Amino acid sequence: GAGGWSPLVSNKYQWLQIDLGERTEITAVATQGGYGSSDWVTSYLLMFSDSGQNWKQYRQEESIWAFSGNTNADSVVYYKLQHSIKARFLRFVPLDWNPNGRIGMRIEVYGCTYRSEVVGFDGKSCLIYTFNQKLMSALKDVISLKFKTMQSDGILLHREGQNGDHITLELIKGKLSLLINLGDTKSHPSNAQINITLGSLLDDQHWHSVLIEHFNNQVNFTVDKHTHHFHAKGEFNYLDLEYELSFGGIPVPGKSGTVSRRNFHGCFENIYYNGVNIIDLARRH
């Protein structure tokens, strides 16, 4: 009604869903109780979704975050989100409310339209980026992207070298593995392979972020804010890589010994290689 949202029945099975019309970066939320009433919510969960079908709960410090709500009908309780949410749909799920009243909420959401470059892969294709050798920085390499998928296996990123050298980022059983392989094991038997695995249940059709940073021989591999730092003991000095990156699969099957060879089936968002927007570049060419 005019005083805000108040469901006919006050129980734990109620929620207020908001469709923002397009993907939005949400930075803060604010709540009040029902206007001129004794109806207000004292704690609630916040959920978000791109599709309105597949929901994720807002988390803070790696735990599901229950927001403290209102203590009366009219005071505004404002929360700046520690991590912004990028979504089209929001759900406010009341957990507790005024025992002498009912569930009652007025809500404000703060943010702006979220602009991004998204590309879909059907499991049979890949995107190849060939870059100019002269533009290469020997000291620094940074790759960042987001992905979402319902498939538990698939190659996200591959870079081939001479003599069987390669770097592969692959989803295996819902976990993300970064494999750095030196093909010439006779020359460097102790440093033949590095395999780092991060994350789990990454095939949940939600967006997950990946960042691979290589400075000198230090490598940082980050998946959804979890970072594995390791020193590459000179491997990157030995790795003789070509000036070509493929996303979503390996262009020449059977060229290297990856585990599944399955191409990625899902979506990529905002792929950047050393500051270059790969999806935008592909669209313009």
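Worth saying up front: this structure is predicted, and the values here are computed from it rather than measured. The residue count restarts for each chain, going from 1 along the sequence in the order it is written. Restriction of local features to residues with pLDDT of at least 70 applies here, the model being predicted, together with a cutoff of 80 or more for giving and counting side-chain atom pairs; totals for whole chains, interfaces and linings are based on all residues. With hydrogens and water set aside, each side-chain value is computed from the structure's full complement of heavy atoms.

Peer 1: Tell me about the overall build of the protein, residues and numbers included.
Peer 2: Each helix is a run of DSSP H or I of at least 4 residues and each strand a run of E of at least 2, with the numbering of both proceeding from the N terminus. Across its full length, the protein carries 2 helices and 21 strands. Under the scheme applied here, a residue whose accessible area is under 20% of the maximum for its type counts as buried, over 50% as exposed, and between as partly exposed, the area being computed with a 1.4 Å probe on protein chains only. Across the 285 residues of the protein, 45% fall into the buried class. By definition in these notes, contact holds between two residues if any of their heavy atoms fall within 4.5 Å. Counting only contacts in the protein whose residues sit at least 6 apart along the sequence, the fraction spanning at least 24 positions is 72%. For every accessible area listed, the method is Shrake-Rupley and the probe measures 1.4 Å; residues are considered covered only by the protein chains on display. Accessible surface for the protein amounts to roughly 14,600 Å². Of this, 50% is attributable to carbon and sulfur atoms.

Peer 1: Quick rundown of the confidence of the model for the protein? Include the residues and the values.
Peer 2: Averaged over all residues, the pLDDT of the protein is 85; the fraction at 70 or higher stands at 85%. In this model residues 256-260 is a low-confidence stretch, pLDDT under 50, and it forms 14 contacts with partners more than four residues away in sequence or in other chains. Note on scores: pLDDT gives the predictor's confidence for each residue, bounded by 0 and 100.

Peer 1: Please set out unusual backbone geometry residue by residue, giving values where relevant.
Peer 2: In the Ramachandran plot, Lys173 falls in the positive-phi region, its phi being about 55 degrees despite a non-glycine side chain. With a relative accessible area of 70%, Lys173 lands in the exposed category. With a phi angle near 75 degrees, Lys225 is a residue other than glycine that sits in the positive phi range.

Peer 1: Quick one: what's the story with the sheet that holds strand 15 (residues 193-198), residue by residue and with numbers?
Peer 2: Adjacent strands of a sheet pair through backbone hydrogen bonds, lying either parallel or antiparallel. Between any two strands, pairing holds if DSSP finds at least two bridges. Strand order in this open sheet of 6 strands is 10-19-12-13-14-15, and the pairing throughout is antiparallel. Both outer strands of the open sheet, strand 10 (127-130) and strand 15, are each paired with one neighbouring strand and no more. Neighbour-to-neighbour, the strand axes of the sheet open up by a mean angle of 10 degrees, direction not taken into account. Strand direction decides the pairing type here: strand 10 and strand 19 (residues 244-247), joined by 4 bridges, are antiparallel. Bridging from a neighbouring strand, Thr130 pairs with Glu244 of strand 19. All axes here are fitted lines through C-alpha atoms, helices being fitted over the stretch that makes contact, and every angle between N-to-C directions spans 0 to 180 degrees.

Peer 1: Account for the layout of surface pockets, with residues named and values stated.
Peer 2: Each cavity reported here is a set of points on a 1 Å grid over the protein atoms alone in which a 1.4 Å probe fits but cannot get out, each pocket an open set with protein on both sides within 12 Å along at least five of seven lines, and each lining residue one with an atom within 4 Å of a point. Grid points are joined across faces, edges and corners, and a volume is the space filled by probe spheres set on the points. A volume near 1,000 Å³ is recorded for the largest pocket. Along the wall of the largest pocket there are 33 residues; nearest its centre are Phe48, Lys56, Trp207, Asp224 and Lys225. Within the residue set of the lining of the largest pocket, elements represented by two or more residues are strand 2 (41-49), strand 3 (56-57), strand 4 (59-60), strand 7 (77-97), strand 11 (140-149) and strand 16 (208-215). In terms of residues, the lining of the largest pocket owes the most to one element, strand 7, which gives 4 residues.

Peer 1: Residues and numbers for the pattern of salt bridges, please.
Peer 2: A pairing counts as a salt bridge when a side-chain nitrogen of Lys or Arg comes within 4 Å of a carboxyl oxygen of Asp or Glu. Under the definition given, this model contains 10 salt bridges. Arg159 serves as the salt-bridge partner of Asp141, at 3.3 Å between the closest nitrogen and oxygen. With Asp141 in strand 11 and Arg159 in strand 12 (residues 154-160), the pair connects residues that are 18 residues apart, well separated along the chain. Just as Asp141 is buried, Arg159 falls in that class too. Asp280 serves as the salt-bridge partner of Arg284, at 3.0 Å between the closest nitrogen and oxygen. Residue Arg284 and its partner Asp280 are both found in helix 2 (residues 278-284); the two are separated by 4 residues, about one turn of the helix. Residue Arg284 is classed as exposed on the basis of its relative accessible area, which comes to 57%.

Peer 1: Give a detailed account of the nonpolar core, specifying residues and quantitative values.
Peer 2: Buried Ala, Val, Leu, Ile, Met, Phe, Trp, Tyr and Cys residues that are joined via side-chain atoms within 4.5 Å together make up what is termed a nonpolar core. The biggest cluster of nonpolar side chains holds 33 residues, and the ones touching the most others in it are Phe147, Leu156, Leu169, Leu176, Phe221, Phe247 and Phe268. Excluding residues within four positions of it along the chain, Phe268 makes contact with Glu117, Val118, Val119, Phe121, Leu145, Lys146, Phe147, Leu156, Trp207, Phe247, Gly248 and Ile279. Membership of the second largest hydrophobic core comes to 17 residues, among which are Trp5, Leu16, Phe67 and Ile103.

Peer 1: So what's going on with the packing of aromatic side chains? Which residues, and what values?
Peer 2: Aromatic rings from Phe, Tyr and Trp, with only the six-membered ring used for Trp, were paired whenever their centres fell within 6.5 Å, and each pair was classed as stacked if the ring planes differed by under 30 degrees, edge-to-face if by over 60, and tilted otherwise. Here the structure, examined in full by the defined rule, presents 10 aromatic pairs. Between the aromatic rings of Phe264 and Phe268, the centroid separation amounts to 4.6 Å while the plane-to-plane angle is 20 degrees, which identifies the pairing as stacked. Each member of the pair, Phe264 as well as Phe268, is classed as buried. Grouping aromatic residues by their ring pairs yields a cluster made of Tyr44, Tyr58, Phe67, Tyr79 and Phe92.

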